[in-house]
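# Geometric and topological summary
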2 protein chains.
Amino acid sequence: MAETDFTMQDEMRRAFAMLSGKWKLEIMWLLNQRIHRFGELRKAIPGITQHMLTAQLRELEADGLITRTVFAEVPPRVDYEMTPKARGLGPTMEALAAWWAVHGGTVPVRPGAGRRKS
Amino acid sequence: MAETDFTMQDEMRRAFAMLSGKWKLEIMWLLNQRIHRFGELRKAIPGITQHMLTAQLRELEADGLITRTVFAEVPPRVDYEMTPKARGLGPTMEALAAWWAVHGGTVPVRPGAGRRKS
DNA sequence: CGGTATCCAAAATGATACTG
DNA sequence: CAGTATCATTTTGGATACCG
């Protein structure tokens, strides 16, 4: 308990904040299974828009959780992959999913922000 | 894999959504240790406003994660306590905190919404 | 294919003042 | 003590069009 005496709440809050975002956890779950290209993620996550997918991927990249690899091909191809750092999140995600499987029920599914379909 | 074949992503996303909110995880961490009254939570969470604390507590209550007990005393007293259902989250929170303790570093600490101090 | 650029709507958070 | 009521501001998410 010396210099870096962050409390557990602090640690947790920071880690959680990094995964906040409507689609981040789902993206991480998919990348935890295997490398995905942009289009694959798009198809695997029904309802997400290009705009959001791009934005969330950029944030995850900035936080050092995923890597982005661009291939100079035609047609263009971009691969997204989890970093070793992020792979340590696997157990946490499984624990959360397991908890829900036991105690979960119906969730009101709170609406997100953004314009509604006219 | 019969009727209720929710995928792990689904389970996780729902559980995660229930904990979304800038202060919810921190509140849950504190309540996981012991019962707290409103004022105690306020002092234990530097930076939170009455407005936000009330709002987040109400949502946690609506999701069945905490109970609210009002005592007809003067001065008023309100206790908040975790439900048995929520206690199952302990391991998940610890796993997340542990992961951060190992892989975490500095987080940019993204700013929140709302009016800035003038 | 894999983005960016704009514009816009809605939700989330915050400051501040007031109340039983 | 433990809220509620307003209102301001910021972020988030989405629609649509366009680009290398």
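Everything quoted here is computed from the prediction, not taken from an experiment. (Residues numbered from 1 in each chain as written. Chains lettered and ligands numbered in written order. Predicted model: local features only at pLDDT ≥ 70, side-chain atom pairs only at ≥ 80, totals over all residues. Heavy atoms only, no water.)

Before going further, it helps to examine helix α6 (residues 90-103) of chain B. Taking 1.5 Å per residue, 14 residues should reach 20 Å; α6(B) reaches 20 Å between its end C-alpha atoms and fits that length. Listed in full, the buried residues belonging to α6(B) are B:Gly90, B:Thr92, B:Met93, B:Leu96, B:Ala97, B:Trp99 and B:Trp100. Buried residues along α6(B) sit in contact with α1 (8-19), α5 (84-87) and α6 (90-103) of chain A together with α2 (24-33), β3 (77-82) and α5 (84-87) of chain B. (Helix = DSSP H or I, 4+ residues; strand = E, 2+ residues; numbered from the N terminus. Expected span 1.5 Å × (residues − 1). Buried < 20%, exposed > 50% of the residue type's maximum accessible area, 1.4 Å probe, protein only. Contact = heavy atoms within 4.5 Å.)

On to the protein's contact with DNA strand D, then. The local shell around DNA strand D holds 31 residues, among which B:Gly39, B:Gln50, B:Arg68, B:Tyr80 and B:Arg115 are the closest. Counting only atoms of DNA strand D within 4 Å of the protein, the fraction found in sugar and phosphate groups is 72%. The separation between a base nitrogen of DNA strand D and a polar main-chain atom of A:Arg115 is 3.2 Å. At 2.5 Å from a phosphate oxygen of DNA strand D is found a side-chain nitrogen or oxygen belonging to B:Arg68. Contributing elements (two or more residues each) for the surface near DNA strand D: α4 (50-62) of chain A together with α3 (38-44), α4 (50-62) and β3 of chain B. For the surface near DNA strand D, the leading source of residues is α4(B), giving 4 residues. Residue composition of the surface near DNA strand D, grouped by class: 11 nonpolar, 11 polar and 9 charged. (Near = heavy atom within 4 Å. Polar contact = N/O pair within 3.5 Å; in protein donor to acceptor, adjacent residues only side chain to side chain. Nonpolar A, V, L, I, M, F, W, Y, C, P; charged D, E, K, R; others polar.)

All names here are of chain A. If you trace the 3 strands from one edge of the open sheet to the other, you get β1-β3-β2, paired in antiparallel fashion. Two strands bound the open sheet, and with one partner strand each, they are β1 (36-37) and β2 (66-71). Direction of pairing for β1 relative to strand β3 (residues 77-82): antiparallel, over a ladder of 2 bridges. Residue pairing in the sheet places His36 in a bridge with Tyr80 of β3. (Pairing = 2+ DSSP bridges.)

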